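# Close look at the chain arrangement
Chain by chain, the residues run as shown.
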Amino acid sequence: MKIKPWLMISYLVVMILPIIVLYFFYISLLHFDEKRDFKEYMEAMDKVTKLDSILSNPSYYQAQDVENYRELQDIVDSSMNIKLYRDDGLKLYSTIDNTGVEIYSVHQRNFTYQDLNVLKKDYRTYTYKKPVFNEDNLIGIYEITMTRDIWLEGVQNRTLILGGCLVITFMVIYGCVIILLNRKLNRPLHLLKEEMNAFAKGKSRRIKLPQTKDEIGELMAHFSKMREEIEAKNKEIKKQQQEKEYIIAALSHDLKTPLTAIRAYFEVISRSQELSDQEMEVYRSIIFEKLDYMKEMVDDLNVFTKLKSTAKKIEFVDVDGEEFFDMLLGGYEGTCRERGINLTVEQNVSAHISVNVKQMIRVVDNLMSNAIRYTDKGKNIWLAAISQSNPLPTWIFAPFIWELESWRKNGTIILIQNEGKEISKKDLDNVFEPFVQLEEARGQGGTSGLGLSIAKMIMEQHGGKIKLWSHPNYGTLAACWLKEG
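In this report, the structure presented in the accompanying data block is examined. No experiment lies behind these values; they were computed from the predicted model shown. (Residues numbered from 1 in each chain as written. Predicted model: local features only at pLDDT ≥ 70, side-chain atom pairs only at ≥ 80, totals over all residues. Heavy atoms only, no water.)

### What to know about the overall build of the protein
Helix and strand counts for the protein come out as twelve helices and twelve strands. The proportion of buried residues among the 485 residues of the protein is 37%. A separation of at least 24 residues holds for 65% of the contacts in the protein among residues at least 6 apart in sequence. Working note: accessible area of the protein is about 29800 Å², and carbon and sulfur atoms make up 56% of it. (Helix = DSSP H or I, 4+ residues; strand = E, 2+ residues; numbered from the N terminus. Buried < 20%, exposed > 50% of the residue type's maximum accessible area, 1.4 Å probe, protein only. Contact = heavy atoms within 4.5 Å. Areas by Shrake-Rupley, 256 points an atom, 1.4 Å probe, with all protein chains shown as cover.)

Right under this line is the structure:
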């Protein structure tokens with residue numbers, strides 16, 4: 001629940017709950033008072049009934065000395081008062097003050113004749129008046145007043161109980177509100193604050209933040225997402241920094257060999273006066289070969305850096321598959337012929353594909369360069385482009401067929417397969433990393449070590465993928481997958 005409606009409901013509950021509790025206590029006490037009142041009424045009527053036979057004595061209703069009323073004084077207690085009146089309203093006797101006849105007044109007579117034969121109740125007393133007759137003649141009236149001491153004491157006790165219950169109720173409600181506020185607001189905010197402070201200081205402290213559906217839960221979810229994104233960015237930055245350091249170290253190592261060779265040959269050319277024109281031409285050829293290798297390495301590094309940049313986006317065009325792959329796979333016959341390598345080209349693509357033509361040419365060039373470099377004279381290289389609806393070429397090495405069939409689903413594939421030495425599993429796992437080369441190629445000046453890394457990044461930017469398989473006594477297969485339009 002959101003915080004605003006939660007707070008509104010909480011305020012409403014805090015306001016209404018004490019009223020409900022008070023009403024409940026009031027109803028309970030009222031029910032108790034009704035029972036108590038009935039019991040007390042019956043007890044009062046019982047006292048009146050017992051006194052009636054004594055107070056109906058006609059001799060009490062004549063003006064006389066108070067000593068004649070001693071019997072009445074003995075039968076009453078401190079909670080009771082009996083008053084006797086003559087028929088004309090004159091008060092004859094009162095047990096509470098033990099007084100006799102008072103001065104007569106008309107007002108007193110009118111008051112005496114009110115509420116006869118009625119047990120009248122007020123907050124503190126019960127009052128009962130009854131006329132007394134002698135042979136059908138009214139001779140007087142007696143009035144019995146009984147204090148409600150037990151009732152008053154009960155009221156005081158119930159008032160204390162009610163007050164105590166209300167205080168306890170308010171304390172319980174207050175405690176519940178504090179607990180709920182702490183659980184709903186204070187504790188989550190405190191945990192979030194600690195997590196933010198730990199994250200700001202770079203500590204690895206991790207507490208599982210509560211997953212709630214209110215604003216604080218959303219804030220925690222945003223913080224967790226932000227933290228994960230920042231940590232991922234930091235890891236990526238750290239990885240890129242390590243990669244840069246590795247690139248610089250690898251580049252320095254790989255440039256050292258051709259630079260040393262170039263310097264050595266220049267020193268020979270500049271110092272020796274006995275070199276023939278043929279030897280001079282060989283040395284110059286070697287120098288230019290080393291320079292071309294260094295230029296290729298710098299060019300590859302430039303391409304690699306551009307592809308690594310997230311701001312650098314390549315542009316795609318829709319091409320006809322048959323026409324594009326005829327162009328893409330052509331032009332390698334001459335190079336293979338010079339090296340004494342047998343090249344087989346197969347193209348069976350009819351779908352339309354969205355590609356960057358220049359970058360795809362670079363991918364195939366890099367893969368073919370590797371295949372030619374590691375294929376001995378007299379061996380074979382196979383080059384093909386196959387749509388998903390067409391079967392694989394029959395020349396695919398048997399160990400690769402089953403996995404390749406599963407891997408190529410829903411796309412067009414480019415295949416470069418060569419007969420040659422097996423690539424170890426360790427090298428296969430790392431071969432797409434920048435400046436990673438096979439041990440026998442390191443330092444020979446044949447490759448920059450960025451070709452496969454560049455090919456992988458280009459394929460990923462095309463929404464595709466690239467994979468190498470290698471098997472002893474067979475050779476190596478490189479495959480690129482492109483989604484068909």
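Continuing now.
### Focus: the environment of aspartate 87
Within the element layout of this structure, aspartate 87 appears in the loop between β1 (80-86) and β2 (91-94). Distance in space between the C-alpha atoms of aspartate 87 and tyrosine 113 is 9.2 Å, their sequence separation being 26 residues. Sequence-distant contacts of aspartate 87, that is, excluding residues within four places in its chain, are made with Arg109, Tyr113, Leu138, Ile139 and Gly140.

### Some words on helix α10 (residues 398-407)
Taken as a whole, α10 has its buried residues at Phe400, Leu404 and Trp407. Projected down its long axis, α10 carries its buried residues within an arc of 55°, all on one side. Opposite its buried face, α10 presents the exposed residues Ala398 and Trp402, each directed more than 90 degrees away. Tucked into the core, α10 has its buried residues touching β10 (411-419), β11 (465-471) and β12 (475-483). (Arc of directions from axis to C-beta.)

### What to know about the packing of helix α1 (residues 3-55) against helix α4 (residues 149-200)
Put simply, α1 and α4 touch, their axes get as near as 11 Å, and they point 165° apart. Classed by the angle they form, the pair α1 and α4 counts as roughly antiparallel. Here α1 runs over α4; the crossing is right-handed. Here the contact of α1 with α4 is composed, by residue class, of 22 nonpolar, one polar and five charged. (Axes fitted to C-alpha atoms, helices over the stretch in contact; angles between N-to-C directions. Parallel < 35°, antiparallel > 145°, perpendicular 65-115°, else oblique. Left-handed = near helix turned anticlockwise from the far one by under 90°. Nonpolar A, V, L, I, M, F, W, Y, C, P; charged D, E, K, R; others polar.)

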